[in-house]
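# Residue-level structural notes
One letter stands for each residue in the lines below.
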Amino acid sequence: MTDFWDQVLHFAETTANKVGKELMADFGQVQAVEKADGSLITQSDKWADRELCDAIATGFPEHGVLSEESAHIFPDTEWCWIIDPLDGTTNFARRIPIWGVSLGLLYRGTPVFGYVHLPPLHQSFHGFWSGQTGLKLPQGAFLDRRRIHSSSDPLDPNQFFSFCSRSIGNYQPLFPCKIRMLGVASYNFLTVAAGITLGGVEATPKIWDIAGVWPIVQAAGAVWHPLEPQPIFPLTPGTNYSDRSFPTLVTAQPNLLPVFEPFVQSLG
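The text that follows walks through the structure, step by step, so that each part is easy to find. None of these values were measured; they are calculated from a predicted model.

With that settled, the discussion passes to the sheet that holds strand β3 (residues 64-67). Whenever strands of a sheet pair, they do so through backbone hydrogen bonds, lying parallel or antiparallel. If you trace the seven strands from one edge of the open sheet to the other, you get β3-β4-β5-β6-β7-β8-β9, paired in mixed fashion. Of all the strands in the sheet, the pair left with one neighbour each is β3 and β9 (146-147). Strands β4 (79-87), β5 (100-107), β6 (110-118) and β7 (123-128) of the sheet are contacted by helix α1 (residues 2-26), whose axis makes an angle of about 35 degrees with β6.

Shown next, in the form of structure tokens:
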């Protein structure tokens, strides 16, 4: 099985970096249009989606694919890739250098491997997390092949917490940290995994926003806390995930959950 995971990591690394290099040529040069759900899309999103789907079909023909821009129904396959070809389209179109290419590999509906490449930052995150799947696989979370871990720092007013644009209304003057708003769901949570922030919240992330970071965050020792009572994973074959949102709070340490949750629990 080790050879399989080596193949998975090599595939994700080479494919995401290849797509990211081409996207850099379009960065800030393309026009965005509004989709039905109010989010933005560019021709670069569509191109990257096709490239990633084609690469998966060639490299792992027996695997299913769920994608933001094309395939929205979760397939009845043992293995499935969930891709966000360009997470942070608004940043991408407006020349803000925080956006990425995200891939998550699911086993029987649960993410066990994630890879997120952020071309403008020259950063690549990946992680393996077996969870309750029973799989034997490598363990750990990494930034540019160096192991990362969520912060063990005590809470104080100079630590960071990230809101998204749809959750910022929950900010209150007595909030115990400095706040940031990065505009990219995956990077929001990756900053917790990397020990940069103590927490982050996303009010309306879609499944392709979170599938790639879910294994990385947990492998890094952070806490993934859905703000709705039902679990996110495993996904259900035949379900259309295009309109489903999964409000989520991530914290660096378990003891921070009761600190931050009262500020954001209304998002569930």
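Each pocket or cavity is described by its volume, and for the largest pocket that value is around 900 Å³. Forming the walls of the largest pocket are 37 residues, and the residues nearest its centre are S39, L40, E68, R166 and D209. By residue class, the composition of the lining of the largest pocket is 12 nonpolar, 13 polar and 12 charged.

Right, let's talk about the side chain of S186 for a bit. By the element assignment, S186 lies in helix α4 (residues 185-193). Under the relative-accessibility criterion, S186 is labelled buried at 0%. Those residues in contact with S186 that lie beyond four places of it in its chain are D87, V116, D209 and V213.

With 17 residues, helix α2 (residues 43-59) should reach 24 Å at 1.5 Å per residue; the first-to-last C-alpha distance of 24 Å fits that figure. Along α2, the positions that sit buried rather than exposed are S44, D45, A48, D49, L52, C53 and I56. The buried residues of α2 occupy an angular sector of 160 degrees when projected down its axis, which confines them to one face. Residues Q43 and T58 are exposed on α2 and point more than 90 degrees away from its buried face. On the buried face of α2, the contacting elements are α1, β2 (40-41), β3, β4, α3 (89-93) and β5. For α2, the N-terminal capping position is held by T42, with its side-chain oxygen 3.1 Å away from the main-chain nitrogen of S44.

The rules behind the values
- Residues numbered from 1 in each chain as written.
- Predicted model: local features only at pLDDT ≥ 70, side-chain atom pairs only at ≥ 80, totals over all residues.
- Heavy atoms only, no water.
- Pairing = 2+ DSSP bridges.
- Helix = DSSP H or I, 4+ residues; strand = E, 2+ residues; numbered from the N terminus.
- Contact = heavy atoms within 4.5 Å.
- Axes fitted to C-alpha atoms, helices over the stretch in contact; angles between N-to-C directions.
- 1 Å grid on protein atoms, 1.4 Å probe; cavity = no way out; pocket = protein on both sides within 12 Å on 5 of 7 lines; lining within 4 Å.
- Points joined across faces, edges and corners; volume = space filled by probe spheres on them.
- Nonpolar A, V, L, I, M, F, W, Y, C, P; charged D, E, K, R; others polar.
- Buried < 20%, exposed > 50% of the residue type's maximum accessible area, 1.4 Å probe, protein only.
- Expected span 1.5 Å × (residues − 1).
- Arc of directions from axis to C-beta.
- Polar contact = N/O pair within 3.5 Å; in protein donor to acceptor, adjacent residues only side chain to side chain.

So, to be careful, I would describe these as geometric facts and stop short of saying anything about function.
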